[in-house]
Amino acid sequence: VLAALRAAQDQQAELAPERLVPLAVDLETALLGRPTGYQDFYPPLLGGCLGLEGRPGGVVAERLPVDLAALTARRRLVWTGEPHVSGDTNWNTVRAVLDGEPATTAAIHQIAEHARAVREHLRAGDLDGALAAVVKEGSVRRRMAPGVTTPTIDTLDEVVREAGAVGTKILGAGGGGCVLVVLPGPEAAGVDEVLARGPWEALPLRLSPEGLRLQGA
């Protein structure tokens, strides 16, 4: 919507992330009344598989050399059936770090370490190593702060592992919402059978190599 409004004001306007993302972050923060992040806005703008790194002065977005079809085949996107308020969960985590809560602070550093490992594996073309690091990050995230995981998420993790999955990763703030199931290979009939039995729901997933494009009438 922001890109369309900007284009309507100026047909020559660029859709550069460094111009649109700060505005989107500010708008989301104002609407939620809680601090928000930048990570959700880069993929729809740029497409592909991205490595995002927050640095002093801005965010560096790196396009990683990944076979998107192969990556898609190794994952399942699952809706837990539990709506969540991500702003509240995120704020609880931020507040715990600001208060110096040791477990949450340590978990944040571990998550950053695993995220860097994912990027390094993808840079090297090591999809197995990258997905293993994703699962490790997911294990840390589940214990990061109260409310991140739920009984449904814990059960989902247990049953898909029993069916042959490598593991899971909570997406976003947790507390419900969606979970990523990581597979050992493109064939995962046992996992798909478990997901079909609910109470969760497997959602369509396709990674786009291109980001947002605006076309005039």
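Throughout what follows, the structure given in this document is the object of discussion. Here the structure is a predicted model, which is why all the values come from computation and not from measurement.

1. A closer look at the overall build of the chain
The helix and strand tally for the chain stands at nine helices and six strands. Computed over the C-alpha atoms, the radius of gyration of the chain is 18 Å, within 12% of the 17 Å expected from 2.2 N^0.38 for a compact globule of 217 residues. Oriented by its inertia axes, the alpha-carbon framework of the chain measures out at about 55 × 40 × 35 Å. When each of the 217 residues of the chain is scored for burial, the buried share is 36%. Expressed as a percentage of contacts within the chain between residues at least 6 apart in sequence, the contacts between residues at least 24 apart total 61%.

2. What to know about the pattern of salt bridges
Following the criterion strictly, the structure yields 13 salt bridges and no others. Across the pair Glu120 and Arg123 runs a salt bridge, and its minimum N-O distance is 2.5 Å. One end of the pair, Glu120, and the other, Arg123, are both in helix α6 (residues 102–123), three residues apart, so they sit about a helical turn from each other. Of the residues examined, Arg123 reaches a relative accessible area of 38% and is grouped as partly exposed. Overlapping salt bridges bring together Glu53, Arg55, Glu62, Arg119, Glu120 and Arg123 as one network.

3. Some thoughts on unusual backbone geometry
Both trends apply: most residues other than glycine have a negative phi, and most peptide bonds are in trans. Backbone torsion omega between Gly198 and Pro199 reads 20°, so that peptide bond is classified as cis. Positionally, Pro199 belongs in the loop between α9 (189–196) and β6 (201–203).

4. Things to note about the layout of surface pockets
In this structure, the second largest pocket spans a volume of roughly 240 Å³. As for the second largest pocket, its lining consists of 12 residues, and the residues nearest its centre are Val1, Leu2, Ala3, Phe41 and Leu45. Taken together, the elements giving at least two residues each to the lining of the second largest pocket come down to α1 (2–9), α2 (17–32) and α3 (42–46). Per element, the largest residue contribution to the lining of the second largest pocket is four residues, and it comes from α2. Residue composition of the lining of the second largest pocket, by class: 12 nonpolar, no polar and no charged.

5. Structural notes on the sheet that holds β6
If you walk across this open sheet you meet the four strands as β4-β5-β3-β6, and the pairing is antiparallel. Two strands close off the open sheet at either side, each with one partner strand: β4 (167–170) and β6. Adjacent strand axes in the sheet meet at a mean angle of 35°, parallel and antiparallel pairs treated alike. As defined by bridge partners, β4 adjoins strand β5 (residues 178–182) across four bridges and the pair is classed as antiparallel. Directly across from Gly167, in β5, lies its bridge partner Val182. Taken strand by strand, helix α7 (residues 127–142) contacts β3 (75–79), β4 and β5, and its axis lies near 60° from that of β4.

6. A short note on the nonpolar core
Core analysis: the largest hydrophobic core is formed by 20 residues, its most contacted members being Leu156, Val160, Val181, Val191 and Leu195. Looking at this core, the elements that each hand over two or more residues are α6, α8 (151–162), β5 and α9. For Leu195, the residues in contact, after removing those within four places along its chain, are Arg76, Val78, Leu156, Val160, Trp200 and Ala202. Val118, Val134, Val135 and Val182 belong to the second largest nonpolar core, which has 14 residues in total.

7. Focus on a nonpolar patch on the surface
Together, Leu27, Leu31 and Leu32 give the surface a local cluster of nonpolar side chains, amounting to about 310 Å² of exposed area. Position of Leu31 relative to the elements: it lies in helix α2. With relative accessibility at 69%, the residue Leu31 sits in the exposed group.

8. Re α2
The first and last C-alpha atoms of α2 sit 21 Å apart over 16 residues, in line with the 22 Å expected at 1.5 Å per residue. Burial in α2 covers these residues: Pro17, Leu20, Val21, Ala24 and Val25. Buried residues of α2, viewed axially, fall in a sector of 135°; they line one side. Residues of α2 that are exposed and point more than 90 degrees away from the buried face comprise Glu18, Asp26 and Ala30. Gly33 lies just past α2 and shows a positive phi near 70°.

Criteria and thresholds
Residues numbered from 1 in each chain as written. Predicted model: local features only at pLDDT ≥ 70, side-chain atom pairs only at ≥ 80, totals over all residues. Heavy atoms only, no water. Helix = DSSP H or I, 4+ residues; strand = E, 2+ residues; numbered from the N terminus. Rg over C-alpha atoms; globule rule 2.2 N^0.38 Å. Buried < 20%, exposed > 50% of the residue type's maximum accessible area, 1.4 Å probe, protein only. Contact = heavy atoms within 4.5 Å. Salt bridge = Lys/Arg side-chain N within 4 Å of Asp/Glu carboxyl O. 1 Å grid on protein atoms, 1.4 Å probe; cavity = no way out; pocket = protein on both sides within 12 Å on 5 of 7 lines; lining within 4 Å. Points joined across faces, edges and corners; volume = space filled by probe spheres on them. Nonpolar A, V, L, I, M, F, W, Y, C, P; charged D, E, K, R; others polar. Pairing = 2+ DSSP bridges. Axes fitted to C-alpha atoms, helices over the stretch in contact; angles between N-to-C directions. Core = buried A, V, L, I, M, F, W, Y, C linked by side-chain atoms within 4.5 Å. Patch = residues over 30% accessible without salt bridge, like charges linked within 9 Å, V, L, I, M, F, W, Y side chains within 5 Å. Areas by Shrake-Rupley, 256 points an atom, 1.4 Å probe, with all protein chains shown as cover. Expected span 1.5 Å × (residues − 1). Arc of directions from axis to C-beta.

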